[in-house]
Amino acid sequence: MKIDVLTLFPEMFSALDASLMGKAQQKGLLNIACHNIRDYSLDKHKRCDDYPFGGGAGMVMLPQPIHDAISAVDPQHKALRIFMSPKGRTLTQEMVKQLSTHSHLLLLCGHYEGVDQRVLDMDIDMEISIGDYVLSGGELPAMVLIDSVARYVPNVLGNSEATTEESFSDSLLEYPQYTRPQNFLGVTVPDVLVSGNHQQIERWRKQKALELTQQLRPDLLDKTDK
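Residues numbered from 1 in each chain as written. Predicted model: local features only at pLDDT ≥ 70, side-chain atom pairs only at ≥ 80, totals over all residues. Heavy atoms only, no water.

Asker: Before we go on, may I ask you to explain the sheet that holds strand β5 (residues 80-90) in this structure?
Answerer: Paired through their backbone hydrogen bonds, the strands of a sheet run either parallel or antiparallel. In space, the five strands of this open sheet follow the order β2-β1-β6-β5-β7, with parallel pairing throughout. Two strands bound the open sheet, and with one partner strand each, they are β2 (31-36) and β7 (126-129). On average, adjacent strands in this sheet sit at an angle of 30 degrees to one another, irrespective of strand direction. Sheet topology note: the strand β1 (residues 2-7)/β2 ladder contains six bridges and is parallel. Bridging from a neighbouring strand, Thr7 pairs with Asn36 of β2. Strands β1, β2, β5 and β6 (104-109) of the sheet are contacted by helix α2 (residues 63-73), whose axis makes an angle of about 160 degrees with β1. Those strands touched by helix α5 (residues 139-150) are β1, β2, β5, β6 and β7, and its axis lies near 160 degrees from that of β6. (Pairing = 2+ DSSP bridges. Helix = DSSP H or I, 4+ residues; strand = E, 2+ residues; numbered from the N terminus. Axes fitted to C-alpha atoms, helices over the stretch in contact; angles between N-to-C directions. Contact = heavy atoms within 4.5 Å.)

Structure representation (structure tokens):
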């Protein structure tokens, strides 16, 4: 999978060089390229923002550098172009799965008070939000999207079952997990998990997932077949 990121702060994405994302890139499973929008500015000072028409607080990102950057990185519009925006559709696990089917994503990270609407109308396919709150820019949301989507790229996790037995995989939160030692400070692992009876273990995990979802995220229960 190829992911191009357009940002004013490419240095922020160094976090993706670590852990699973870093290993996936080293193996050639992911190709993540960050492009500095300032490089495409025609202003001699490389300005990428200006005051909003109509007045108001803050600055708005100029359309020209963004449009030229997108045109250079994806000239034939082969990528799914996404603007990370609090106004976008909320990112869900189902959306993550859908995005993972695309071979090429282009992510635009806004900053300041927003982006000129004209370039969004001309060059962007969809807007995505990671939640109902506002951040200083789209860089962190872009990293969240990249990490969540990349986990579905074949061989990134190494275990094909890793994305099927986790929170939200079936509209439920994940069941509790335990590892060694079997007795930790007097608290023991549930007997069923060391019983060797896989049918009982599966039933226990399903029940615990339902209980946790009811306790912590009851809004998810109307999405599952109980």
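Let us keep going from here.
Asker: So what exactly am I meant to see when it comes to the environment of Leu193 here?
Answerer: Counting through the fold element by element, Leu193 comes out in the loop between β9 (187-188) and α6 (198-216). In this view, Leu193 contacts Tyr178, Ile201, Trp204 and Arg205; residues no more than four positions away in its chain are not counted.

Asker: I'm lost on the nonpolar core in this one. Help?
Answerer: One finds Ile3, Leu30, Ile82, Leu99, Leu105, Ile128 and Leu145 to be the most contacted residues of the largest nonpolar core, which totals 31 residues. At the level of elements, β1, α1 (19-26), β5, α3 (93-99), β6, β7 and α5 are the ones that each hand at least two residues to this core. At six residues, α5 tops the list of elements feeding residues into this core. The contact partners of Leu30, leaving out residues within four places of it in the chain, are Met1, Met21, Ala24, Gln25, Ala150 and Val153. The next biggest cluster of nonpolar side chains, apart from the first, holds 17 residues, and it includes Cys48, Val115, Val119 and Leu120. (Core = buried A, V, L, I, M, F, W, Y, C linked by side-chain atoms within 4.5 Å. Buried < 20%, exposed > 50% of the residue type's maximum accessible area, 1.4 Å probe, protein only.)

Asker: Help me understand α2, please; the structure alone is not making it clear to me.
Answerer: Turn by turn, an α-helix covers 3.6 residues, leaving residues three or four places apart pointing in a common direction. Three or more residues of α2 are buried, namely Pro65, Ile66, Ala69, Ile70 and Val73. Axial view of α2: buried residues confined to an arc of 125 degrees, hence all on one face. Looking at the packing, one finds that the buried side of α2 touches β1, β2, β4 (60-61), β5, β6 and α4 (117-123). (Arc of directions from axis to C-beta.)

Asker: When you look at a nonpolar patch on the surface in this model, what are you seeing that I'm missing?
Answerer: Judged by side-chain polarity, Met12, Tyr133, Leu135 and Leu140 come together as a nonpolar surface patch covering roughly 360 Å² of accessible area. Following the sequence through the fold, Met12 ends up in the loop between β1 and α1. (Patch = residues over 30% accessible without salt bridge, like charges linked within 9 Å, V, L, I, M, F, W, Y side chains within 5 Å. Areas by Shrake-Rupley, 256 points an atom, 1.4 Å probe, with all protein chains shown as cover. Salt bridge = Lys/Arg side-chain N within 4 Å of Asp/Glu carboxyl O.)

Asker: How do you make sense of unusual backbone geometry when you look at a structure like this?
Answerer: Working note: non-glycine residues mostly have negative phi, and peptide bonds are mostly trans. Residue Pro181 follows Arg180 across a cis peptide bond; omega there is 0 degrees. Following the sequence through the fold, Pro181 ends up in the loop between α5 and β8 (183-184). Phi is positive for Ser19, close to 55 degrees, though the residue is something other than glycine. Note on Ser19: relative accessible area 58%, which makes it exposed. Of note, Leu185 is a non-glycine position whose phi angle comes to about 55 degrees, a positive value. For Leu185, a relative accessible area of 75% corresponds to the exposed category.

Asker: Got a minute to help me understand the pattern of salt bridges in this structure?
Answerer: Pairing is possible between side chains of opposite charge, provided their charged atoms come close. The full count for this structure, using the stated rule, is seven salt bridges. Arg81 is the partner of Asp74 in a salt bridge, and the nearest nitrogen-oxygen pair spans 2.9 Å. With its nearest N and O atoms 3.4 Å apart, the salt bridge here joins Glu211 to Lys208. Of this pair, Glu211 and Lys208 both sit in helix α6, three residues apart, which is roughly one turn of the helix. A relative accessible area of 37% means that Glu211 is categorised as partly exposed. Assessed through its relative accessible area of 27%, Lys208 is described here as partly exposed. Each of Asp74, Arg81 and Asp123 takes part in salt bridges that share partners, so that together they form one network.

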